[in-house]
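One letter stands for each residue in the lines below.
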Amino acid sequence: MAYVPKTPPFFPAAFSFKVNVVGITGVYEGSFQEVTGIGAKLGVETIKEGGENRFEHRLPNPVKYDNLILKRGMVLNSGLILWAKSSIEYFNFITKTVIVNLLDETGAPIASWSFNAAYPVALKISDLKAQDNAIVIETLELSYSYFTRIF
């Protein structure tokens, strides 16, 4: 007998989320317009067997993680950007845990990912153009050791 769930599947929307960098607080510090790079991929090593030319052995290598990329409108006097500048400008790396929460319609988390030992590797400010009517976007790229889905 096949398993039949009692509730229909729930497909959450991806537009409501919050980012928490543990140890950095502020009104707008967790508000981002885009989060990308939540991904992991196993590497594969190919080994040829001596005397056997019909195939190759394909063995798994350790997991490789994408960089986590956070984009938002520029925030003045941001603790997050001061942390990034400390790493990038002064080569002073202080790792932090970053938690990304996917939220439901009430603002309660329905899924969370924890990125461990994260540190900034890039900080970019959008182009300044007199002919555009756009806000300044800051993009922060983080490297991390690994991530886990909390729930």
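Residues numbered from 1 in each chain as written. Predicted model: local features only at pLDDT ≥ 70, side-chain atom pairs only at ≥ 80, totals over all residues. Heavy atoms only, no water.

Student: Please explain the pairing of strand β1 (residues 17–21) as it appears in this structure.
Tutor: Two faces belong to every sheet, and in a regular strand the side chains alternate between them. Because side chains alternate across β1, one face comprises the buried residues F17, V19 and V21, and the other comprises K18 and N20, none of which is buried. Pairing of β1 with strand β6 (residues 96–103) involves five bridges; the strand directions are antiparallel. The residue bridging F17 from the neighbouring strand is L102, located in β6. (Buried < 20%, exposed > 50% of the residue type's maximum accessible area, 1.4 Å probe, protein only. Helix = DSSP H or I, 4+ residues; strand = E, 2+ residues; numbered from the N terminus. Pairing = 2+ DSSP bridges.)

Student: Before we go on, may I ask you to explain the nonpolar core in this structure?
Tutor: Nonpolar side chains in soluble globular proteins tend to end up buried together. Formed by 22 residues in total, the largest nonpolar core has its most connected members in V35, L68, V98 and F115. Residue assignment for this core shows that the elements contributing at least two residues are β1, β5 (68–73), α1 (79–90), β6, β7 (109–125) and β8 (137–143). Per-element accounting of this core gives the leading share, four residues, to β7. (Core = buried A, V, L, I, M, F, W, Y, C linked by side-chain atoms within 4.5 Å.)

Student: Looking at this structure, how should I read the pattern of salt bridges?
Tutor: Side chains that differ in sign of charge can pair as their charged atoms come close. Following the criterion strictly, the structure yields three salt bridges and no others. As a salt-bridge pair, K48 and E56 come within 3.9 Å of each other at their nearest N and O atoms. Taking relative accessible area as the criterion, K48 reaches 65% and is therefore assigned exposed. The partner of R72 in a salt bridge is E138, and the shortest N-O contact between them spans 2.8 Å. Pair noted here: R72 is in strand β5 and E138 is in strand β8, with a separation of 66 residues, a long-range link. E138 sits in the buried class, given a relative accessible area of 4%. One network of salt bridges, in which partners are shared, links E29, R72 and E138. (Salt bridge = Lys/Arg side-chain N within 4 Å of Asp/Glu carboxyl O.)

Student: Looking at this model, I keep getting lost on the side chain of K96. Mind explaining?
Tutor: Tracing the sequence through the fold places K96 in strand β6. Despite its burial, K96 remains without a salt bridge, the nearest opposite charge being carried by E29 at 11 Å. (Lys, Arg positive; Asp, Glu negative; His and termini not counted.)

Student: What exactly am I supposed to notice about the packing of aromatic side chains here?
Tutor: Two measures describe an aromatic ring pair: the distance that separates the ring centres and the angle between the ring planes. A complete count under the given rule lists seven aromatic pairs for this structure. Centre to centre, the rings of Y65 and Y144 are 5.7 Å apart; their planes meet at 50°, and the pair counts as tilted. Taken together, the residues span a long stretch of sequence, with Y65 in strand β4 (residues 56–65) and Y144 in the loop between β8 and β9 (146–149) at a distance of 79 residues. On the accessibility criterion, Y144 (8% relative accessible area) is buried. The interplanar angle of 85° and the centroid separation of 5.4 Å between the aromatic rings of F93 and Y119 together place this pair among those described as edge-to-face. One end of the pair, F93, is in the loop between α1 and β6; the other, Y119, is in strand β7, and 26 residues separate them in sequence. Exposure remark for Y119: the relative accessible area of 29% places this residue in the partly exposed category. Taken together through their ring pairs, the aromatic side chains of Y65, F115, Y144 and F147 make up a single cluster. (Phe/Tyr/Trp six-rings, centres within 6.5 Å; stacked < 30°, edge-to-face > 60°.)

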